[in-house]
Amino acid sequence: MAYHTKTNGEKHFPIMCAESIDAVSYVYQPVICASTKETLYFEQLARFEGARDDDRRTQTIIEWLEVTGDIIGLDIHSFDVAIVALLENDDINIGVNISGATLSKKEACAEIIARLKDAAAICPRLYVEVTETHAISNMLYAAEFASALDGLGMQMVVDDFGEGNSTGLYLSVLYPTLVKLRMKSGQAVTPELLEKAALARTYGAALVVEGLESQEDILRFPKTQVDFYQGYHVGRPAELKQWRLRKSRPALRLVSNA
């Protein structure tokens, strides 16, 4: 079943996926600097018709697309949408997700790189987040992709480090600028989580603590070991136009100092 995604009223690259999914749209959630409270970038998150307010169902759909192989079309499409958004908004950065399933396909990686080269001016404002739900089966392709992104001025992010398939191997192959650690709201910071943070530091990565739902969650994590925050407490996902219209939106930083 083919369907289109709309961004600012325009239709873009059609993708194929499960028949139960009628459409996909995108919301954006900020990654906030712990020290300055500036927004480093807005993570672009897919939302499916019938599951827009259900994060668990959304994740189930994405994992199913990884099984069927349709995630490749979604990932390519997500890059298209991010490119358009960056071209139309020159004072923000955007983070786009990519599955390990897509990184395992050389043709898919080449297709994404070709699209990015055609819009090279926006590349320094694009962060690429490698998700954890599907393993990268060919690390050579992933390393070549990461190298190509670096050549275009983009920065890699390892999402949910230590969860699912996101292991230390990802750090050694992708050399990310940022590593995300998921914290469970309302629970104490575990030694395991601190060990993950220390390992990420050895690769020179800045740390993003995500899953924050309260000020108490922020206070639980040692300030000396966190560079950026993400979570409902510091910014709920919203349409990009809503972020643009907010008078009190955070100041924006175009280049990371991480």
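Refer to the preceding data block for the structure.
Our subject in this report is the structure included herewith. (Residues numbered from 1 in each chain as written. Predicted model: local features only at pLDDT ≥ 70, side-chain atom pairs only at ≥ 80, totals over all residues. Heavy atoms only, no water.)

**Focus: the overall build of the protein**
Scanning the protein from N- to C-terminus turns up 9 helices and 12 strands. For the protein, with 258 residues in total, the buried portion stands at 53%. Summing over all exposed atoms, the protein offers an accessible surface of approximately 11,800 Å²; the carbon and sulfur share of this is 51%. (Helix = DSSP H or I, 4+ residues; strand = E, 2+ residues; numbered from the N terminus. Buried < 20%, exposed > 50% of the residue type's maximum accessible area, 1.4 Å probe, protein only. Areas by Shrake-Rupley, 256 points an atom, 1.4 Å probe, with all protein chains shown as cover.)

**A few points about helix α2 (residues 71-88)**
In this model, α2 (18 residues) spans 26 Å end to end at C-alpha, consistent with the 26 Å of a helix rising 1.5 Å per residue. Of all 18 residues that make up α2, 15 are buried, and the element is covered over most of its length. (Expected span 1.5 Å × (residues − 1).)

**Here's the deal with the nonpolar core**
Core analysis: the biggest nonpolar cluster contains 67 residues, and L116 and F145 have the highest contact counts within it. Per-element accounting of this core gives the leading share, 9 residues, to α2. Excluding anything up to four places from it in sequence, L116 contacts F79, I83, C123, L126, L149, L152 and M154. Formed by 10 residues, the second largest nonpolar core is a distinct cluster that contains V31, C33, L178 and V208. (Core = buried A, V, L, I, M, F, W, Y, C linked by side-chain atoms within 4.5 Å. Contact = heavy atoms within 4.5 Å.)

**Quick notes on the pattern of salt bridges**
What the rule picks out here adds up to 10 salt bridges. Two residues, D227 and R201, come together in a salt bridge whose shortest N-O distance is 2.8 Å. With D227 in the loop between α8 (215-220) and β12 (228-230) and R201 in helix α7 (residues 191-202), the pair connects residues that are 26 residues apart, well separated along the chain. Among the salt bridges present, the one from D217 reaches R220, with a minimum N-O distance of 2.7 Å. Here the residue D217 and the residue R220 both occupy positions in helix α8, the gap between them amounting to 3 residues, near one helical turn. What makes D217 buried here is its relative accessible area of 0%. Shared partners join several salt bridges into a network, and the residues in it are E43, E129 and K180. (Salt bridge = Lys/Arg side-chain N within 4 Å of Asp/Glu carboxyl O.)

**What about unusual backbone geometry?**
Of note, the phi angle at K37 is positive, near 65°, even though the residue is not glycine. Relative to the helices and strands, K37 is located in the loop between β5 (24-33) and β6 (39-48). With a phi close to 45°, D160 is a non-glycine residue in the positive phi region. Within the secondary structure, D160 sits in the loop between β9 (155-158) and α6 (168-174). Residue D160 is classed as buried on the basis of its relative accessible area, which comes to 6%.

**So, the packing of helix α4 (residues 106-117) against helix α5 (residues 139-151)**
Running from N to C, α4 and α5 cross one another at 5°; their axes reach a closest spacing of 10 Å. The orientation of α4 with respect to α5, classified from their angle, is roughly parallel. The residues of α5 that touch α4, namely those facing K106, C109, I112, I113 and L116, are Y141, E144, F145, A148 and L149. Residues that form the contact of α4 with α5 fall into these classes: 8 nonpolar, no polar and 2 charged. (Axes fitted to C-alpha atoms, helices over the stretch in contact; angles between N-to-C directions. Parallel < 35°, antiparallel > 145°, perpendicular 65-115°, else oblique. Nonpolar A, V, L, I, M, F, W, Y, C, P; charged D, E, K, R; others polar.)

**Some points on the environment of A142**
Position of A142 among the secondary structure elements: in helix α5. Spatially, the C-alpha atom of A142 lies 8.5 Å from that of K106, the residues being 36 residues apart in sequence. Aside from chain neighbours lying at most four places away, what touches A142 is L103, I136, V173 and L174.

By themselves these figures say nothing about function.
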